[in-house]
Every structure is written in C-alpha cells, then in structure tokens.
Amino acid sequence: KHFARYVLNLKKRDLLRLEPVDIGEFYHDVLQRLFSNLHADGLDWTTVSTEDLLNRCRHIAAAILAEDIKLSAFVRQSRHNACIMRQAVQRLCYILPTMVGMNAAGRFRQCLAEQTFGKDSPVAIQVEPGKKLHLHGRIDRVDWAEVKGIPTGIVLDYKTSPQRMKWNEFAQDRKSTRLNSSHRI
C-alpha cells in the first residue's frame, strides 16, 4: 500500500455517480430529440404508430447513451449502472402512450420542446411600479391550439415525482394556484 500510494502516487478511483437530475436531463434530451425527429418526418404524437414511436424512443436513447461521455462511462462502469439506464428507457417507453393519449384527447398539439428563454436577456415582467421580475430558464414543452378563435398555448413541465396537478383547482382560481417550476427556472 505504501509503495502504491507514495512511490507510484496512485489514488483510489472515484466512482462515477449519476444523480436524479442527470436522469432527468436524459429524459428531457430523449423527449426533445423525439419531438424533433417526429416533426422532421411530418409526424406528431397522434399520427405516429405506437410501435414506431417506441422504436424511435429506443433508438434516440441508445444514441444519447453512446454520445454522452458521462452517461456512456456510467453504463460501462457496471452491470448495475447499465440496468439503471435500461430502466430509464423503459420508463420513457411506458409514459409515451400516455402522452399520445393526452394529445389525442384534445386539439392542442406540441409546437416546442426544451425551449430556452431569457438566456441572453431575461424576460422582464412589471410586478409593481418600479419592480420587475426577471425570468430565464427552459420550458419543457409548449402545446398550441386555437380555442374559440383565440390562439392559446399551454406550457408543460415534465415531472417524475408523484405530485399531481389539481386541474379543477387551477381552473377555478388561476391566481392562487402555484404551478410547479422546473429546477432550471
């Protein structure tokens, strides 16, 4: 031990760890690329077959795992880590039919994914005379539809936690309902 430590100057290898935020970034990246991939082919969540959607998801996830240095190293580090990432891909494949169903239920269609705003110049909202709220961040998803002749958008924030949005409370009192914000905002 003495020889390895002091003569060879060897140090204990740090194990690569993946935090929940890293898995979240992986989910966001896959969903953004999946939306872009569908859009490039003239498809959306309602016009693509479930089989094609799941195949695209798996292909995109595999590409990200191969491209991303940290994720690639994490997967190669152990069979356990590879299993963690396989489960992450399975979770995505599990929720995709729900996203398809959500889109099929109404007129809203996704128009943006992972949209950054206020990066170079934050969006400023006048909240009181002389006071502004400066916003910057990333919007997970924006859906758009025309409702009763009025262009209408919905901003969605993906969450993996079990907390659910109480839509009936939101519809009754828009001012007092606090929406969950992303960790990046």
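Residues numbered from 1 in each chain as written. Predicted model: local features only at pLDDT ≥ 70, side-chain atom pairs only at ≥ 80, totals over all residues. Heavy atoms only, no water.

1. Brief notes about the pattern of salt bridges
Working step 1: On inspection of all chains with the given rule, the structure shows 10 salt bridges.
Working step 2: Here Asp44 ties to Arg109 by a salt bridge, and the two come within 4.0 Å at their closest N and O atoms. Here the residue Asp44 occupies a position in the loop between helix H2 (20–40) and helix H3 (50–67), and Arg109 occupies one in strand E1 (residues 109–117), the gap between them amounting to 65 residues.
Working step 3: Close ionic contact of Glu128 with Lys131 constitutes a salt bridge, the shortest N to O distance being 3.9 Å.
Working step 4: The partly exposed category is assigned to Lys131, whose relative accessible area is 49%. (Salt bridge = Lys/Arg side-chain N within 4 Å of Asp/Glu carboxyl O. Helix = DSSP H or I, 4+ residues; strand = E, 2+ residues; numbered from the N terminus. Buried < 20%, exposed > 50% of the residue type's maximum accessible area, 1.4 Å probe, protein only.)

2. Points about the pairing of strand E3 (residues 131–135)
Regular strands place side chains that alternate from one sheet face to the opposite one.
Working step 1: Two strands pair when backbone bridges link them, and strand E2 (residues 123–128) and E3 are joined in this way by 5 bridges, in the antiparallel orientation. Directly across from Ile125, in E3, lies its bridge partner Leu133.
Working step 2: Where E2 folds back onto E3 in an antiparallel hairpin, the turn is made up of 2 residues, including Gly130, whose phi is positive at roughly 80°. (Pairing = 2+ DSSP bridges.)

3. So, a nonpolar patch on the surface
Working step 1: Residues Phe3, Tyr6, Val7, Leu8 and Leu10 make up a contiguous nonpolar surface patch of roughly 550 Å² in combined accessible area.
Working step 2: One can find Leu8 in the loop between helix H1 (2–7) and H2. (Patch = residues over 30% accessible without salt bridge, like charges linked within 9 Å, V, L, I, M, F, W, Y side chains within 5 Å. Areas by Shrake-Rupley, 256 points an atom, 1.4 Å probe, with all protein chains shown as cover.)

4. Quick word on the sheet that holds strand E5 (residues 150–156)
Working step 1: Strand order in this open sheet of 3 strands is E1-E4-E5, and the pairing throughout is antiparallel. Pairing within the sheet leaves two strands with one partner each, and these edge strands are E1 and E5. Sheet twist, expressed as the average angle between the axes of neighbouring strands with direction ignored, equals 30°.
Working step 2: Pairing of E1 with strand E4 (residues 137–147), which is carried by 7 bridges, proceeds in the antiparallel orientation. Within E4, the position partnered with Gln115 by the bridge is Ile139.
Working step 3: Along the sheet, H2 makes contact with E1 and E4, crossing E1 at roughly 130°.
Working step 4: Across the sheet, helix H5 (residues 79–104) is in contact with E1, E4 and E5; its angle to E4 comes to roughly 35°. (Axes fitted to C-alpha atoms, helices over the stretch in contact; angles between N-to-C directions. Contact = heavy atoms within 4.5 Å.)

5. Side note on the nonpolar core
Working step 1: Counting 27 residues, the largest nonpolar core has Phe26, Val30, Leu34, Trp45, Leu53, Met85 and Leu96 as the members making the most contacts within it.
Working step 2: Taken together, the elements giving at least two residues each to this core come down to H2, H3, helix H4 (69–77) and H5.
Working step 3: Per-element tally for this core: the top contributor is H5, with 8 residues.
Working step 4: With residues near it in sequence (within four places) discarded, Met85 still touches Leu18, Ile23, Phe26, Leu65, Leu71, Phe74 and Val75. (Core = buried A, V, L, I, M, F, W, Y, C linked by side-chain atoms within 4.5 Å.)

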